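Observations on chain architecture
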Amino acid sequence: MRRLLSFLILAPLAFAKPQPNVLVFLSDDQGWGDLSHSGNLDLKTPNIDSLARDGASFDAFSVCPVCSPTRAEFLTGRYHTRSGVWATSSGGERMDLDETTIADHFQGAGYRTAAFGKWHNGMQFPYHPNGRGFDEFYGFCSGHWGDYFDPMLEKNGVIVKGEGFCIDDFTNQAMAFMKDSHKSGKPFFTYLPYNTPHSPMQVPEGDWERFKDKKLSIDKGNNHTRCALAMCENLDMNVGRVLAMLDELKITEETIVVWFHDNGPNGKRWNGGLRGHKGSVDEGGCRSPLFL
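Attention here is on the structure that accompanies the text. Remember, predicted model here, so these are calculated numbers, not experimental data.

As for its placement among the helices and strands, phenylalanine 74 is situated in helix α3 (residues 67–76). The exposure class of phenylalanine 74 is buried, given its relative accessible area of 0%. Remark: the alpha-carbon pair of phenylalanine 74 and arginine 3, spanning 71 residues in sequence, is separated by 9.7 Å.

Next up, the structure:
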């Protein structure tokens, strides 16, 4: 994770444009096997797969077995306990205030910075995203949210009502931010820490319809698995929307895009034969794709 952070900070040196945009997607409880790129025949994720096809795919990338430590390691580039993060609740998810985040670095370099989705590294200011280098934040700061449709969310510390399915909403907000940044002439660092396929198992009807009666290669008749896979396809659809927007704005070639997951799958579904799942230090709980 430290090498990933270092690359993103130093990457502008390798671009013709002095300050390329940076866009980071992070999904929640999506296993290494929850992509068609990994060989899973139960779903299709062509847009996420395209990041590997058109960029670089890392074959041996590991994260932590639960989410707050992984998120803290990405934000700081340091082993999670060094930043004071040791758990997912009871204060163990809060990063120490003397930590410098990746958003601090980009903010100091003149970037517009924003996060849209699940934070889970401290709820109140100054642990809040707006206190950790992000100019804009839209989403929720806890580790678990009870309703994914029109939920109570916050925008820069102010309580607001979300619009529709939260992943679609976070993507809409992120796209608006990136368009506005491009219009202003300033580069952006956009962090999209999505909160699916983490429970509750809720997904738009159209995504569910494709899976509700689908015969799966594992977990016969398990609706938890079906919904998780539907959530993964919804994530892929939203990634496709963002990539299409970058093409429309003609900034694809000057934007670094990153995709990875925060831990293993939240269930015993297809994971390429890897032992373990979320919460396990076996490879199935810690291996993640990394596309760049």
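Consecutive side chains of a regular strand alternate in pointing toward one face of the sheet and then the other. The buried fraction of strand β3 (residues 112–118) is high, at seven of seven residues. Bridge analysis of β3 against strand β7 (residues 188–197) gives four bridges, and the strand direction is parallel. Within the sheet, the bridge partner assigned to alanine 114 lies in β7 and is threonine 190. Across five bridges, β3 lies against strand β4 (residues 136–140) in parallel orientation. Paired with lysine 118 across the two strands is phenylalanine 140, which belongs to β4.

Further remarks concern unusual backbone geometry. Outside of glycine, negative phi angles account for most residues, and trans bonds account for most peptide bonds. The step from phenylalanine 125 to proline 126 runs through a cis peptide bond, and the omega angle for that step is 10°. If you trace the backbone, proline 126 turns up in the loop between β3 and β4. Of note, the bond from threonine 196 into proline 197 is cis; its omega dihedral lies within 30 degrees of zero at 10°. With a phi angle near 60°, histidine 120 is a residue other than glycine that sits in the positive phi range.

This part covers the packing of helix α2 (residues 46–54) against helix α7 (residues 223–248). Running from N to C, α2 and α7 cross one another at 60°; their axes reach a closest spacing of 7 Å. In terms of axis orientation, α2 runs oblique to α7. Mapping the contact onto sequence places Pro46, Asn47, Ile48, Ser50 and Leu51 in α2 and Asp236, Met237, Val239, Gly240 and Leu243 in α7.

Taken as a whole, this structure holds 15 aromatic pairs when the rule is applied. Aromatic side chains tryptophan 119 and phenylalanine 134 sit 5.7 Å apart centroid to centroid with 85° between the ring planes, which places their arrangement in the edge-to-face category. With tryptophan 119 in the loop between β3 and β4 and phenylalanine 134 in the loop between β3 and β4, this pair connects stretches of sequence that are 15 residues apart. You can call phenylalanine 134 buried: its relative accessible area is 2%. Chaining the aromatic ring pairs together yields one cluster made of Phe61, Phe74, Phe106, Tyr111, Trp119, Phe134, Phe189, Tyr191 and Phe260. Directly above the ring of tyrosine 127 sits arginine 94, whose terminal nitrogen or CZ lies 5.0 Å from the centroid.

Strands belonging to one sheet form pairs held by backbone hydrogen bonds; the direction of such a pair is parallel or antiparallel. If you walk across this open sheet you meet the nine strands as β2-β9-β8-β1-β7-β3-β4-β5-β6, and the pairing is mixed. Each edge of the open sheet is held by one strand with a lone partner, namely β2 (57–62) and β6 (158–161). Sheet twist, expressed as the mean angle between neighbouring strand axes with direction ignored, is 15°.

Attention now goes to the pairing of β4. Here β4 lies mainly inside the structure; four of its five residues are buried. Relative to strand β5 (residues 152–155), β4 runs antiparallel, the two sharing two bridges. The partner of tyrosine 138 across the bridge, within β5, is lysine 155.

All right, on to the state of the cysteines then. Applying the stated rule across the entire model yields zero disulfides. Left unpaired, cysteine 64 is separated from the closest cysteine sulfur, that of cysteine 286, by 7.2 Å. What makes cysteine 64 buried here is its relative accessible area of 8%. Lacking any disulfide linkage, cysteine 166 is separated from the closest cysteine sulfur, that of cysteine 227, by 12 Å.

Criteria and thresholds
Every chain's residues receive numbers from 1 upward, in the order its sequence appears when written. Reporting in this predicted model follows two pLDDT cut-offs: at least 70 for local features of residues, and 80 or more for side-chain atom pairs to be given and counted; totals over whole chains, interfaces and linings ignore these cut-offs and use all residues. Note that water and hydrogens are dropped before the side-chain values are worked out from all heavy atoms of the structure. The way it works is that DSSP assigns letters per residue, a run of H or I at least four long becomes a helix, a run of E at least two long becomes a strand, and they are numbered from the N terminus. Exposure classes here rest on a 1.4 Å probe applied to the protein chains alone. A residue is buried below 20% of its type maximum, exposed above 50%, and partly exposed in between. The pairing criterion for strands is at least two bridges between them, as found by DSSP. Fitting a line to C-alpha atoms yields each axis, with helices limited to the stretch in contact; the angle taken between N-to-C directions then spans 0 to 180 degrees. Small angles under 35 degrees read as roughly parallel and large ones over 145 as roughly antiparallel, with 65 to 115 read as roughly perpendicular and the rest as oblique. We call two residues in contact when some of their heavy atoms are within 4.5 Å. In this scheme Phe, Tyr and Trp rings, the latter by its six-membered ring, pair at centre separations within 6.5 Å, and the angle between planes marks the pair as stacked below 30 degrees, edge-to-face above 60, and tilted otherwise. Any Lys NZ or Arg CZ that is within 6 Å of a ring centre and within 35 degrees of that ring's normal is treated as a charge sitting over the ring. Note on terminology: disulfide denotes any pair of cysteine sulfur atoms within 2.5 Å.

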